[in-house]
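# Working through the structure, step by step
If you want the building blocks of each chain, they are given just below.
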Amino acid sequence: MTSPRTEAEHVEATNLLYRDPALYDVVQSDSTSAGMCQTLIELHRPNARTLIDFGCGTGRDLENLSKRFECIGVDLQPGMVDYAHLARPGLDIRADDMRTMRLGKRMDVVTCMGNSLAYVHDNEEISQVFATFAAHAGPSALLVLCSPVAPITRTEPTVATVDTPRGPATVTIRHEWHLRTQINTMHRHWVLPSGDEARDEIRRRVLFPRELERYAEGAGFEILDMLDGSGRGLIGPTAYTVARYTRR
């Protein structure tokens, strides 16, 4: 297993948004993850009071969830956590590794969103992450994940305009799929308002639905549902997985 520091440095180096947390916050401002997460919790565990979010980033989703739950956030990247402490000083956000962290508390809800699980590529390390989820799950706790469940296989590039605090940026994205490793690589080329350019190479592990179910069950979770952001079942490449902890 690579060290937390080495892993954090690698993730930051390959993603402009992780090197610039303020830009990350702006680009992700229209995310519906927190709302979808709360909807699923109200449906499956309406009496939940406590929540821990692994891979919380800048705490953007956690800030919304904290209006309803007593929350703790965890992220591997110290830069994101430092920014979160400045931007959202009322939140309890800690820098730690979700493969090994043990808080010593059990919560009503365990969440891992924003593709955080997809940055763990090794089978054994994925099992370690699920063991961490279980170690922080109280009786009948709910697990809510958001992660890729199918690859993006189109190879032709797409171009989009992204609003930033300094003006519009142009982003060109293309995907590469490696079946043997189940790694979907996003190549992202930024042309920033200043004229500067940046290139990202973001590697995400795809866990297919039955595979994801196997990891969850091995850690003591029973799958309750898998659905995309529209709530219409498994249609797109990313899905929300909801599971209940069944061990005592």
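Residues numbered from 1 in each chain as written. Predicted model: local features only at pLDDT ≥ 70, side-chain atom pairs only at ≥ 80, totals over all residues. Heavy atoms only, no water.

## Re the overall build of the protein chain
Each helix and strand in the protein chain was counted, giving 8 helices and 11 strands. At 18 Å, the protein chain has a C-alpha radius of gyration in line with the 18 Å of a compact globule built from 248 residues. Expressed as lengths along the three principal axes of its C-alpha atoms, the size of the protein chain is roughly 55 × 40 × 35 Å. Here the protein chain, with 248 residues, has 50% of them falling under the buried criterion. Looking at the protein chain, you have 28 positive and 33 negative side-chain charges, and the mean spots of the two groups are 4 Å apart. (Helix = DSSP H or I, 4+ residues; strand = E, 2+ residues; numbered from the N terminus. Rg over C-alpha atoms; globule rule 2.2 N^0.38 Å. Buried < 20%, exposed > 50% of the residue type's maximum accessible area, 1.4 Å probe, protein only. Lys, Arg positive; Asp, Glu negative; His and termini not counted. Charge placed at Lys NZ, Arg CZ, Asp CG, Glu CD.)

## Description of the nonpolar core
By size, the foremost hydrophobic cluster in this structure holds 32 residues, and its most contacted members are Phe54, Phe130, Phe133 and Phe221. Counting residues per element, the ones that place at least two in this core are strand E1 (50-54), strand E2 (70-75), strand E4 (107-112), helix H7 (123-135), strand E5 (137-148), helix H8 (209-218), strand E10 (221-227) and strand E11 (238-245). Discounting chain neighbours no more than four positions away, the residues touching Phe221 are Phe130, Phe133, Ala134, Ala137, Leu143, Ala216, Ala243, Arg244 and Tyr245. Grouped together as the second largest cluster of nonpolar side chains are 24 residues, Ile41, Leu65, Val109 and Met113 included. (Core = buried A, V, L, I, M, F, W, Y, C linked by side-chain atoms within 4.5 Å. Contact = heavy atoms within 4.5 Å.)

## Comments concerning the sheet that holds strand E7 (residues 167-178)
Taking strand neighbours across the sheet as the criterion, the 4 strands line up as E6-E7-E8-E9 in an open arrangement whose pairing is antiparallel. Lying at the two open borders of the sheet, with one neighbouring strand each, are strand E6 (158-164) and strand E9 (197-205). Put simply, the sheet's adjacent strands are angled 25° from each other on average, direction ignored. As paired elements, E6 and E7 share 7 bridges and run antiparallel to each other. The residue of E7 that forms the bridge with Val162 is Ala169. (Pairing = 2+ DSSP bridges. Axes fitted to C-alpha atoms, helices over the stretch in contact; angles between N-to-C directions.)

## Section: the pattern of salt bridges
It is possible for side chains bearing opposite charge to pair when their charged atoms get close. The full count for this structure, using the stated rule, is 11 salt bridges. The shortest N-O distance in the salt bridge between Asp61 and Arg60 comes to 3.0 Å. A salt bridge links Glu125 to Arg99; the nearest nitrogen and oxygen atoms lie 3.0 Å apart. Of this pair, Glu125 sits in helix H7 while Arg99 sits in the loop between strand E3 (93-95) and E4; the two residues are 26 residues apart in sequence, bridging distant segments of the chain. You'll find Glu125 and Arg99 in the same group, each marked buried. (Salt bridge = Lys/Arg side-chain N within 4 Å of Asp/Glu carboxyl O.)

## What about the pairing of E2?
Of all 6 residues in E2, 5 are buried, a share of seventy percent or more. One ladder, built from 5 bridges, connects E1 with E2; its direction is parallel. From the neighbouring strand, Phe54 faces E2, where its bridge partner is Val74. With helix H5 (residues 60-65) bridging E1 and the parallel E2, this β-α-β connection has right-handed handedness. In terms of strand pairing, E2 meets E3 through 3 bridges, oriented parallel. From the neighbouring strand, Asp75 faces E3, where its bridge partner is Ala95. Between E2 and its parallel partner E3, the chain crosses via helix H6 (residues 78-87), and the hand of that crossover is right-handed. (Right-handed = clockwise from strand over helix to strand, strands pointing away.)

## A look at the sheet that holds E11
Sheet architecture is open: 7 strands sit in the order E3-E2-E1-E4-E5-E11-E10, paired in mixed fashion. In this open sheet, the two edge strands, each paired with only one partner strand, are E3 and E10. Going from strand to strand, the sheet's axes swing by 20° on average, the running direction of each strand aside. Helix-sheet contacts for H7 involve E1, E4, E5, E10 and E11, and the interaxial angle to E5 is about 145°.

## Comments concerning the packing of H7 against H8
Viewed as axis vectors pointing N to C, H7 and H8 meet at an angle of 55°, and their least axial separation amounts to 9 Å. Judged by the angle between their axes, H7 and H8 are oblique. Considering the relative orientation of H7 and H8, their crossing is right-handed. Together, Asn123, Ile126, Ser127 and Phe130 of H7 and Leu212, Tyr215 and Ala216 of H8 make up the contact between the two elements. (Parallel < 35°, antiparallel > 145°, perpendicular 65-115°, else oblique. Left-handed = near helix turned anticlockwise from the far one by under 90°.)

Geometry only, nothing functional implied.
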